[in-house]
Amino acid sequence: MKYAILFFSAFVGIVLQDTVFNVISIAEGKPDFVLILVVFYALFHGPVQGGILGVVFGLMEDLMTGRFIGLNAICKGLTGFVIGILSERLYKNNFTIPVLTVFLSTFLQSVIYLLCGALIGLNLEGVRLMMVSISDAVYNIVFSPVFYAAFYHFYASRRLIAMKTQTNHPTLGTLTA
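Let me begin by describing the structure that accompanies this report.

The rules behind these values
Residues numbered from 1 in each chain as written. Predicted model: local features only at pLDDT ≥ 70, side-chain atom pairs only at ≥ 80, totals over all residues. Heavy atoms only, no water. Helix = DSSP H or I, 4+ residues; strand = E, 2+ residues; numbered from the N terminus. Buried < 20%, exposed > 50% of the residue type's maximum accessible area, 1.4 Å probe, protein only. Areas by Shrake-Rupley, 256 points an atom, 1.4 Å probe, with all protein chains shown as cover. Salt bridge = Lys/Arg side-chain N within 4 Å of Asp/Glu carboxyl O. Core = buried A, V, L, I, M, F, W, Y, C linked by side-chain atoms within 4.5 Å. Axes fitted to C-alpha atoms, helices over the stretch in contact; angles between N-to-C directions. Parallel < 35°, antiparallel > 145°, perpendicular 65-115°, else oblique. Left-handed = near helix turned anticlockwise from the far one by under 90°. Contact = heavy atoms within 4.5 Å. Nonpolar A, V, L, I, M, F, W, Y, C, P; charged D, E, K, R; others polar. Patch = residues over 30% accessible without salt bridge, like charges linked within 9 Å, V, L, I, M, F, W, Y side chains within 5 Å.

1. What to know about the overall build of the protein
Tallying secondary structure elements over the protein gives seven helices and two strands in all. The order of helices and strands in the protein, counted from the N terminus, is α-α-α-α-α-α-α-β-β. Sorting the 177 residues of the protein into buried and exposed places 40% on the buried side. Surface summary for the protein: the accessible area is close to 9900 Å², and the carbon and sulfur share equals 72%.

2. Focus: the pattern of salt bridges
In the structure shown here, the tally under the stated rule is three salt bridges. Three or more residues joined by partner-sharing salt bridges are found here, namely Asp32, Glu61 and Lys76.

3. Regarding the nonpolar core
Most often, soluble globular proteins keep nonpolar side chains buried together rather than apart. Counting 26 residues, the largest nonpolar core has Leu37, Val39, Phe40, Phe57 and Phe151 as its most contacted members. Mapped by element, the contributors of at least two residues to this core are α1 (2-18), α3 (33-45), α4 (47-65) and α7 (126-164). In terms of residue count, the dominant contributor to this core is α3 (twelve residues).

4. Things to note about the packing of α4 against helix α5 (residues 71-87)
Contact pair α4 / α5: the axes reach a minimum separation of 7 Å and the direction vectors enclose 160°. By the criterion of interaxial angle, the relationship of α4 to α5 is roughly antiparallel. Between α4 and α5 the crossing geometry is right-handed. Contacts from Pro47, Val48, Gly50, Gly51, Gly54, Val55, Gly58, Leu59, Glu61 and Asp62 in α4 reach Leu71, Asn72, Ala73, Lys76, Gly77, Gly80, Phe81, Gly84 and Ile85 in α5. For the contact of α4 with α5, a count of residues per class yields eight nonpolar, eight polar and three charged.

5. Some thoughts on a nonpolar patch on the surface
A cluster of nonpolar side chains, Tyr3, Phe7, Val48, Ile52, Val56, Phe81, Val82, Ile85 and Leu86, forms an exposed patch at the surface whose accessible area comes to about 740 Å². Among the secondary structure elements, those contributing two or more residues to the nonpolar patch are α1, α4 and α5. Element by element, the count of residues in the nonpolar patch is highest for α5, at four residues. Looking at the element boundaries, Leu86 is found in helix α5.

6. Regarding the side chain of Ser105
Mapped onto the elements of the fold, Ser105 is located in helix α6 (residues 96-119). The exposure class assigned to Ser105 is buried, which follows from its relative accessible area of 1%. In this structure, Ser105 is in contact with Leu35, Val39, Thr79 and Ile83, ignoring residues within four places of it in sequence.

7. Some thoughts on the environment of Leu114
Position of Leu114 relative to the elements: it lies in helix α6. Separated by ten residues in sequence, Leu114 and Leu124 have C-alpha atoms that sit 6.8 Å apart. Excluding its chain neighbours within four sequence positions, the residues that come into contact with Leu114 are Leu124, Gly126 and Leu129.

8. Here's the deal with the environment of Tyr91
Of note, Tyr91 is situated in the loop between α5 and α6. We classify Tyr91 as exposed; its relative accessible area is 53%. Linking Tyr91 and Leu43, residues 48 residues apart in sequence, is a C-alpha distance of 9.6 Å. For Tyr91, the residues in contact, after removing those within four places along its chain, are Ile97 and Pro98.

Written out as structure tokens, the structure is:
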């Protein structure tokens, strides 16, 4: 069920990015809902699952938008992997840390996009791409709290339930009910 919700959220996010936010973009920027989902998923699930979800959602975005099939898959996959590695060192209970992680992930993804684009021969203007990334990052910060509240509530409640079903026994160790 959680994967169905994630896929539906990514689908709606891609549709909103390429319809509504194309019309009301500020400084050519728009929120990257798929990146926000990938970053928060990687924060809670680590590098492998974050990277896999990044590749899958990036490919889904590529197929739905029809631009450079595979480029978003690589960028979001690598970003999810890197954030998953960092997640072990980040304190997820502090609201500002994950939101700032999304902010910085926006720039990380742009740098990866620029490097991958250069490797395949795209003529990208690095300065312009980074300027657009600033407005993208601001949009992402605005929408991140809503996404993080949902992710934290879902995963924190699951962790608490899991902790309640485990009992520590002095001689037998941890028992699971």
